[in-house]
Structures are given as structure tokens and as C-alpha cells.
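Geometric and topological summary
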Amino acid sequence: MTDTTDDIAEEISFQNFDDDCKLLGNLLNDVLQREVGGKFMEKIERNRILAQSACNMRAAGIEDAAELLEKQLASDISNMTLEEALTLARAFSHYLNLMGIAETHHRVRKSRNLTHLSRSCDDIFSQLIQGGVSPDELYDTVCKQEVEIVLTAHPTQINRRTLQYKHIRIAHLLDYNDRPDLTHEDREMLIEDLVREITSIWQTDELRRHKPTPVDEARAGLNIVEQSLWKAIPHYLRRVSSALKKHTGRPLPLTCTPIKFGSWMGGDRDGNPNVTAKVTKDVSLLSRWMAIDLYIREVDSLRFELSMNRCNDRLLWLAHEILEKETSSEDRLESRSQSLTRSQIKLHNQQLPSLPTQLPAGAHMPSCTECNDGNSQYPRLEVPGNDYMPLNRQDGQGSSCSDPQFQDSVRSSCKPSENGNLASSNSLQPAGTPRGSSFASGQLLAQRKLFAESQIGRSSFHKLLEPSLPQLPGIAPYRIVLGDVKDKLMKTRRRLELLLEDIPCEHDPCDYYESSDQLLEPLILCYESLQSCGSGVLADGRLADLIRSVATFGMVLMKLDLRQESGRHSETLDAITKYLDMGTYSEWDEEKRLEFLTRELKGKRPLVPLSIEVAPDVKEVLDTFRVAAELGSDSLGAYVISMASNASDVLAVELMQKDARLAVSGELGRPCPGGTLRVVPLFETVKDLRAAGSVIKKLLSIDWYREHILRNHGGHQEVMVGYSDSGKDAGRFTAAWELYKAQEDVVAACNEYGIKVTLFHGRGGSIGRGGGPTYLAIQSQPPGSVMGTLRSTEQGEMVQAKFGLPQTAVRQLEIYTTAVLLATLRPPLSPREEKWRNLMEEISKISCQSYRNTVYENPEFLAYFHEATPQAELGFLNIGSRPTRRRSSTGIGHLRAIPWVFAWTQTRFVLPAWLGVGAGLRGVCEKGHTAELQEMYKEWPFFQSTVDLIEMVLGKADIPIAKHYDEVLVSGSRQELGAALRMELLMTEKHVLVISGHEKLSENNRSLRRLIESRLPYLNPMNMLQVEILKRLRRDHDNNKLRDALQITINGIAAGMRNTG
């Protein structure tokens, strides 16, 4: 179980941590005293004291006394009523969450107060320079670094978003409490605020009552950007730039972005039928909308800040050009509005609320539109307000359309004429609207809405707030240019709103921003002007931050990856080849598939006929490729093929992508936006990992594909390796070794053909799914596998834990940067001797066999798993939009890795992370290789990190708690299996300590051990309570209150373990 404190647990100041835990605990006690009464509070305190005393006895080695206390605690819990059990579960769950908030806060506090922060940019840059790296090499490597953190919607975030926000508010109040200048009155008010937040949390339902949709999950990801990453990125980049300038004499270039973000939320359709082509399109548009909205806010603040008049000639010329357009446009509007009488205005305003059901010709046009015949039914009304921006600004011509909200919706029917006025097109109806006397009802309502929301009647009010630009005293050139930028951004946002509502909207490209380069151009012009006028201190503030944000987030915040299982592509090609009477694609051997795919890829005609009729599942795949063609690489990142096993899996996607782009391009009459998506094979099972190198080698040997990579992707191949399924398939140790070798093979294959490679690591949050401290994980990769580029997933609860607060986000981003930098310039050592690799092979073989004998070969194991864990009941949790199984089978093979790990985490047995490891280590040690394993631990980073992560997991495992689950829930015939597994856990612990040389588990991370121990008085009763509730629920399946109580214990244990799946 990866604890969120693992990366920087040594940074905890325990005195302050204890003080804050005591403060929050006392306040929660006060709230509970009011909410549940003093009598029940005595029961809560009795349970806590029993659990604390048992922990103390066990720590002192007095096992008998500890067992007696634990039995008394279990007895007390079993005698509770359902209402009492529910209240106790809620209370201890909130205690654990509050302790988690205190832990996070103190990591932030400690990192802020340290003068020398380990693994920071300043620290690592200094080490590299002192180690012989030249300043030029350091500078170039940092500037060329490409790290992408991909946020996924994997269902491991247990807390509702409402509670996450409340937890963040408490963290902010703790931060405020650290201020030394607070008066007594300030502290009293702060305590009152904390009490209010804790009361609000207690009175809030902890449980999600409905499953989130994929769009809900995407919104959660976008909220992380808005609440944290948006603030963290400028701060992080300033740190990088300052450290670079200190050690190399040169700051980070303004538009250089060592880290970017991607997303799977709304794009990952592997086994999730709820992610459709429409969902992907909507999420992409929503992400664009959020980016533009954030930029509008920043530009608004920047306009206020840059009030100075001094600028260079280029900026002054641009400001005057904008003013001239504004002035000429207002003059035309003023002359046209003089003929409008008050009665006409009154009459027009009276008629606005009730538009006729049958619209007259041209009635859908805004009142400001001037038609060719000069007989527009609705006269011009408005004078532009402060948000006005003329159309067609690039050629210096003004526009007679003054409504910046409405004009987007009619751009297709209003074309600028040579004299700058708008002339009607052949049809006054918007693009996409059927010709004729009536509209479709949805379009009619939309047009009414747009008309009602236009600026008619509001411009005078805006003019009271701020005079139009030509009336301003003097010229503030930066404000004029940024006002123009804001206006264009607002039109861009409005266009996206129309697209999200499926309202036709063809616009003049001059009216909105399509690319980040277009937005950067005026911002960089302002920056250069300030620098040239001696105002560099202003340029390097908010303006530089905005430029860096645009360079990092672009126009989409996070590019969306698409992911689908390879089998779905084969089914689609089956349908196509059958329709074309070519046979059945899936029945062909690999060579025939490659021959067919390569031939079609070289051809110029589309493969899929427009008349083809296919099954819904196949249609959905084709629709997804169509959406990918419509959005292109400007909005989307990679197309990931899960369960990839052959070169044909990649070419199949390339072919369907090419075909969709040909079809969409033909319909549009122009090329598709952006380029083709990168196609990324994902190797997940042990079998596929072993074949990964040969698959990539085969792929690159195909002339068409190699030329395609060189021409369209800069000679860059991306390959993804999956940690979750490989771990479930063969056990954690074997998976780690097979992943290591697969990366070596992929790198060698790409090097053979002169192709650069980026490895994409599909890590989960828990160690059982490949998780672990970021720094340790990157530093233990094979040499040559991290050459300045890296992609990695961050999933579920780890997204909130690592990036939920700006301060923790900045720290994590620095750790990513410095770890990748070290792995590039100072790669980790390879195994010193070939014998070490042979020993790893032997450990892996024994470990895998032992693991599979238990999990897959033992006929009793599946039933034991269902009895001993809450796996079956995890389905009650509404934490993700996708099913828990890829297929309907009840076996472990088709169970997703998340519920597999999640279930064992709840029982504190954490079996997936250690099962088989002890057998492998014992087998090698018994052959006399103990000393060599100890050498490997000291000198080989990969082996050391693997053993350390297993040791960390063992430190979180709790045999007495796991035994309690077995004794109460497991049938007598399977009790022996549980006892054997507990013995294996002890044996694993023994051999891990022998190899690491530690006397106790987590000896090399005492802070983590202390943090775990501090949670036990609340965590242990939660486990006992869960056992009791499971026992009752399995007798009364339909009791909803018992289900609620169980879900609350699941939440609480996840909070105490700081991990789910």
C-alpha cells in the first residue's frame, strides 16, 4: 500500500503533527458530544482505549494481554445495535480522515520551512554540477525534458468530492493557524471556523448514492486542475527557472514545459461501455471550455495589473490598430442608431420575450445585422460595451455586428464584404439549419435563447461600468491589447458552449483562438515590450506565469488519451472484411494480417463503405475513430491498445484511424484538424511483456510503419507497460522483473532502428498494482529507459493525495523532474554480474509458481477470497463508472486488478503485494545465495527498491486483524488455507529482513512506521466493526442500513491505510 507520505515522510515534524491531531480530535469530540450525546461518546472512548491498549501490549511483546483486549473490543462491537455501529463507524472514519489532513499539512509545513529541501531542483542541480555535469548539458537536458502525468478515472477515490473540498478547507485553516501574527481573537475565530467545517462534515452523507458517469469523472479531473495544478504550475516552473539560473546562469525559457498533463477520463473505454464517442467529444470540449475560462480570469487580472503607458513601438502600433477598429465600428453603429425612436425601442423590447412560433425571413439574425437590401426587419439597437471587439481584425476592417455573444452563432450567414460591412449570404439561416420556413424545435429554442441572451439593452449598463476605449484618458496599450485578447477568448468560450449544446456554429477563424500559439503571440509581445522598456520585474510576474500556463496546458488543459482493448479492434475488422467478402480477419495468421493491413495503409481509398451496417459494439468503435478524426491531435493525445500482443494490433488501429480521417476530410472538404494520434501498444500480462521487444522490433521492421513514425511523430515510438494485470497474473515480484526486462527489450529494439522511445508506465496507487514513491520508482528503471522522456499514470485517490493542494503538487512535480533528470544524466546501475540476473530469474520462477499455485490452482482459494474479504460487497460502492469485471465470469482472471487489491487492503492482509515473494527468496537462500542477495540489495537500485516496497507493504499488513476476518467469516473447511497464508506472510517478513539487513520492518523509514502506529487505535476498531457488519449483512442481504454501515467502514479503512486499490 503506497502511503501518500512515502515520498517525504521524513519531513513530518511530530510535535506539530501531534498538536494538530489533538486539536482536530478534540474539536470532533466536541461536535460529537452535541450530535450523539455524552453516553455514546463514552462508548466511543472505551473502544478507542481498548484498541490503544491492545496496540501498546503488542508493541511491548505481551501478546496474550493484547489478544484479551482485542477480544473484549470485538465483543463490545458485536453487542452494538445497528444504529450504534453506524455511528461508531462514522466517528472513527472522520477521525482517520482528520489525521490524514494533519499529515498532509505537516508535510507542506516542513517542506516550506526547510532551507535545503532534498530532491528539489536546487538540490539535484547542485549535485549534478558538483558531479561533473557541465552547466550547458544540465540546461539543455532540463529544457528538452518531456514528462507527462496522465490522470486516470480508475475507481479508487473513495471520498465524495464534497468531502474532499471540506477537507481542503480544513487544511487551509490549519495553514492559517501556523501564522505567528494571529491575535487571540483571530485564533478563536479560526477555532469557530474549524468547528463549523467539522460539524458540516458530520452532517454530510459520506456515501455516493449514484454511480458517477464518465463525464462526472472528467469533471473531477478538471477540478483538480482548477483548484490546485493551475496555481502549482507557475510556482513549480519558477522554482525550476530559479534553480537553472543559479546553477547555469540561464533561466528556463518562457515557453519551455518540462511537465505536461494528460487524461484518460472520458477516453478510457477499455471494458467500460459507458464511455462512448459522444462522451469523448463532450469531455474534450468541456476541457477546452475550462481552459478558456481560466485564461479569461487570468487575463482580466493582468489587465488590472498592467496599467502603465510605456511600451515598445510594436505594441503601441497594435494598440492603435485595435483602437482604430473600435472607433470606426462605434461610429458606424452610432450613425445607424440615430434613426431609432424611443417608441421603436420600447416596441422592440416589448416584443422580445414572445417570439412567434413561425419566424419571418431573417428573424433569426441579430438586430445589428445589415443585409444587402438594406431592409432588415429589426433595426440596429446597440452601441458596443466594453467587451466589444470588431470582426475581421486581421485585415484592419471593422464590422457592423456589435453583439459578441450572438455574432458567433450567425457567423456562417454573415460574411464581411469588401467595405467592411456585413453582407447576407445566400441563406439567412445558420449553417446546419435546414432551408425552409420552419426550424427544428431544438434549434428554434436555441436561437430564441441566444437572442434573449444577446447584449441588447445591456450595453448602456456596461458603458456605465467602464467607458469605451477611445474615451479613456490617455492610452494604456497593455490594457487595450489584453482587452482584445479577453474579447477573443470570450468568443472562443461562447463557441464551445454552442458546440457542447450541439448548436450549429460556423465562425470566422479570426474571431476565436484555435491554438495556443495564437494566444501566446500577443502575450509574448507584451512580455517583450515590458522587458525592452526596463520593466522586466513586471514582465516576470503574473504575465510570465500566464505564458507558462498557456505553454503547459495549451487550449485543452489535458490532452485526452483514447484506450480500447485489442479484441474490439479485431471484431471491427471482422465485420468489415466479412462485409467486403474478404474472409474473417480474426481467423487469419499474423503474417496474413500484416500483409492485408500494410497493403490497405499504403492505399489511398477508404476501406469502410459508407453503406456498411454493423452491430452496435462495432459501430461504437468506428464512431470513436470518427471523433478522433474530427478532434485530431490538437485535442487528443495517444490511442492506447490494451492487451496488445502483436504488431498487427498497432497497424489495425493505424488503418481505422486513416480510414476515419479520409471519410471526415471528404465530408469537410478540407484536411482534418491536427495530426494522427500516436498509437501506443500496452503490454500487460507476463506473456505479452515477454514478447514486447520482439513485437516492437517486428513493427519497426515494416517500412510503411517506420516511415510513418519518422514523418508524423518525429521518429518517436511510445510503448506502455502495465503493472496491475501483470501483478495479478504472476505476483508482484515476477511482474516487477518481467517489466524490467520488457523495458530493456523495447529500448534495444528501438535503438536498433534509430527510433526514440518513450515508456508509458501504467502504475496504480498501491504497491500491489505497481505503485510506490515516485522518486524510488523512476530511479530503479533500467538504464537507458528514461532518456529525458516519461509518461506515467496517476490514479484515483493518489491524484487527490499528490496534487489536491498546490503546495503538495509543486513538491510532486519537482520530484518527477529531478528523478527523470537523474535517470537521464546519471542512469541507475545495471546488474553488476550476469549471476545477479540468473538469481532474479530463479527467484521470479519460484515466486510465480508459488503465487499461481495458490491463486489459480488451489480450488478452495476463490471461495476463501469471497468469504474472507468484502470483495463481493465492493460493488455497492459508487466510486467508478466502469464495471468491476471485464467479462461476466466469476473467476479471478477476469476480475479487474483494482477490486482484487482493494479487497485485500481492507482486511489488512494485502496479499497481492507479497504472495510468492517469500517462497522465491527462501528458495534461493536455501541454495546458499543469501550473501549475494544482500550484495544485490546494496548495489542494484532495482532490486533494492523492489525489496523496500515489499517491506513497506509488510509493515502495513496486520496478521491478528486478518486472522479475525478468517475466524468470523470463513467457513471451517477453509480456515486451514487462511492459516497457511498467514504463516507464509511471516516467512516472507523473515526473509525480507534478512536480505535488507533491518531488524524491524520499515526500519529505514521510521517516520512512516510512526504514522501507521498513530492510526491504529482508530483503524483496528474499524476492521473489527467491518467484520461484524459483514457477518450480519451476509445473513440479511437486503438490509440497506447494513450496506451503508459497511460502506462507511470501507471508507474509514481506506482513510487509515491511506490507500484503496
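Residues numbered from 1 in each chain as written. Predicted model: local features only at pLDDT ≥ 70, side-chain atom pairs only at ≥ 80, totals over all residues. Heavy atoms only, no water.

A few words on the overall build of the protein chain. Secondary structure assignment for the protein chain yields 38 helices and 10 strands. Sorting the 1061 residues of the protein chain into buried and exposed places 61% on the buried side. Accessible surface for the protein chain amounts to roughly 41,700 Å². Of this, 50% is attributable to carbon and sulfur atoms. (Helix = DSSP H or I, 4+ residues; strand = E, 2+ residues; numbered from the N terminus. Buried < 20%, exposed > 50% of the residue type's maximum accessible area, 1.4 Å probe, protein only. Areas by Shrake-Rupley, 256 points an atom, 1.4 Å probe, with all protein chains shown as cover.)

Another aspect to go through is the pairing of strand E5 (residues 559–565). Counting buried residues along E5, 6 of its 7 residues qualify, which places the element largely inside the surrounding structure. Across 2 bridges, strand E2 (residues 259–263) lies against E5 in parallel orientation. Residue serine 263 lies in a different strand from E5, and its bridge partner there is leucine 560. Where E5 meets strand E6 (residues 636–642), 5 bridges bridge the pair, whose relative direction is parallel. (Pairing = 2+ DSSP bridges.)

Turning to the packing of aromatic side chains, a few remarks are in order. Centre-to-centre distance and the angle between the planes together describe a pair of aromatic rings. Applying the stated criterion across every chain, the model contains 28 aromatic pairs. Relative to phenylalanine 596, the ring of tryptophan 588 has its centre 5.3 Å away and its plane inclined at 75°; by these criteria the two rings are edge-to-face. When its relative accessible area of 10% is taken as the criterion, tryptophan 588 is described as buried. A relative accessible area of 3% places phenylalanine 596 in the buried class. (Phe/Tyr/Trp six-rings, centres within 6.5 Å; stacked < 30°, edge-to-face > 60°.)

Below, the discussion takes up the environment of valine 820. With respect to the element layout, valine 820 can be found in helix H28 (residues 806–825). Looking at valine 820, the relative accessible area reads 0%, which means it is buried. The spacing of valine 820 and methionine 787 is 33 residues in sequence and 7.9 Å in space, taken between C-alpha atoms. Excluding anything up to four places from it in sequence, valine 820 contacts Gln145, Val147, Ile778, Val786, Gly788 and Leu790. (Contact = heavy atoms within 4.5 Å.)

A separate point is the packing of helix H2 (residues 38–59) against helix H4 (residues 82–113). One can describe the packing of H2 onto H4 by two numbers: an axis separation of 11 Å at closest approach and a directional angle of 60°. Here H4 runs oblique to H2, going by the angle between their axes. Here H2 runs over H4; the crossing is right-handed. Taken together, the residues of H4 that come into contact with H2 (itself represented by Phe40, Lys43, Ile44, Asn47 and Arg48) are Glu84, Thr87, Leu88, Ala91, Phe92 and Tyr95. Of the residues in the contact of H2 with H4, the class split is 6 nonpolar, 2 polar and 3 charged. (Axes fitted to C-alpha atoms, helices over the stretch in contact; angles between N-to-C directions. Parallel < 35°, antiparallel > 145°, perpendicular 65-115°, else oblique. Left-handed = near helix turned anticlockwise from the far one by under 90°. Nonpolar A, V, L, I, M, F, W, Y, C, P; charged D, E, K, R; others polar.)

On the basis of which strands lie adjacent, the closed barrel formed by 8 strands has the order E1-E2-E5-E6-E7-E8-E9-E10 and parallel pairing. The mean angle between the axes of side-by-side strands here comes to 25°, regardless of whether they run parallel or antiparallel. Pairing geometry for strand E1 (residues 146–152) and E2, over 5 bridges, is parallel. Paired with glutamate 148 across the strands is lysine 260, a residue of E2.

We now examine the packing of helix H3 (residues 63–78) against helix H37 (residues 1006–1033). Between H3 and H37, the shortest axis-to-axis distance is 10 Å and the interhelical angle comes to 45°. Taken as axis vectors, H3 and H37 run oblique relative to one another. Crossing handedness for the pair H3 and H37: right-handed. For the pair formed by H3 and H37, the contact residues are Glu70, Leu73, Ala74, Ile77 and Ser78 on the first element and Pro1021, Met1024, Leu1025, Glu1028 and Arg1032 on the second. In the contact of H3 with H37, the residues fall into 6 nonpolar, 1 polar and 3 charged.

Let us look at the environment of histidine 998. Inspection of the secondary structure assignment puts histidine 998 in the loop between helix H36 (975–996) and H37. Taking the C-alpha atoms as reference, histidine 998 lies 9.9 Å from glutamate 951; in sequence the two are 47 residues apart. One polar contact links histidine 998 to serine 996, side chain to side chain, over a distance of 3.2 Å. (Polar contact = N/O pair within 3.5 Å; in protein donor to acceptor, adjacent residues only side chain to side chain.)

With that out of the way, let us pick up the side chain of threonine 280. Among the structural elements, threonine 280 can be located in helix H10 (residues 277–305). A distance of 3.0 Å separates a polar atom in the side chain of threonine 280 from a polar atom in the side chain of arginine 269. Excluding its chain neighbours within four sequence positions, the residues that come into contact with threonine 280 are Gly266, Gly267, Arg269, Val275, Leu560, Leu562 and Val627.

Where charged atoms from two side chains of opposite charge come close, those side chains can pair. Across all of its chains, the model carries 65 salt bridges by this definition. Arginine 568 is the salt-bridge partner of glutamate 571, the closest N and O atoms lying 4.0 Å from each other. Of this pair, glutamate 571 and arginine 568 both sit in helix H18 (residues 566–579), 3 residues apart, which is roughly one turn of that helix. What makes glutamate 571 partly exposed here is its relative accessible area of 41%. Here glutamate 600 ties to arginine 605 by a salt bridge, and the two come within 3.4 Å at their closest N and O atoms. (Salt bridge = Lys/Arg side-chain N within 4 Å of Asp/Glu carboxyl O.)

Turning next to the nonpolar core. Core analysis: the biggest nonpolar cluster contains 155 residues, and Tyr295 and Leu557 have the highest contact counts within it. Broken down by element, this core gets its largest block of residues, 14 residues, from helix H9 (residues 214–248). Setting aside anything within four residues of it in sequence, one finds leucine 557 in contact with Leu222, Val225, Trp230, Phe261, Ser287, Met290, Ala291 and Leu294. Grouped together as the second largest cluster of nonpolar side chains are 119 residues, Leu73, Phe733, Trp900 and Met936 included. (Core = buried A, V, L, I, M, F, W, Y, C linked by side-chain atoms within 4.5 Å.)

Here strand E9 (residues 756–762) lies mainly inside the structure; 6 of its 7 residues are buried. Of the strand pairs in this sheet, strand E8 (residues 716–722) and E9 are connected by 7 bridges, and their pairing is parallel. Residue pairing in the sheet places glutamate 718 in a bridge with threonine 758 of E9. Inspection of the sheet shows E9 paired to strand E10 (residues 789–795) by 2 bridges, in the parallel sense. Note that in E10 the partner of phenylalanine 760 across the bridge is arginine 791.

Turning our attention to the environment of tyrosine 864. Its place among the elements puts tyrosine 864 in helix H30 (residues 861–868). Note: C-alpha distance between tyrosine 864 and leucine 977 (113 residues apart in sequence) is 7.9 Å. Setting aside residues up to four positions removed in sequence, tyrosine 864 forms contacts with Trp904, Phe909, Asp966, Val970, Arg974, Leu977, Gly978 and Leu981.

Okay, unusual backbone geometry next. In this model, aspartate 581 sits at a positive phi of 60°, which is unusual for a non-glycine residue. Along the chain, aspartate 581 turns up in the loop between H18 and helix H19 (590–602). Residue classification places aspartate 581 among the exposed positions, given a relative accessible area of 73%. One non-glycine residue, arginine 908, lies in the positive phi region at around 70°. Locating arginine 908 in the fold gives a position in the loop between helix H31 (897–906) and helix H32 (917–925).

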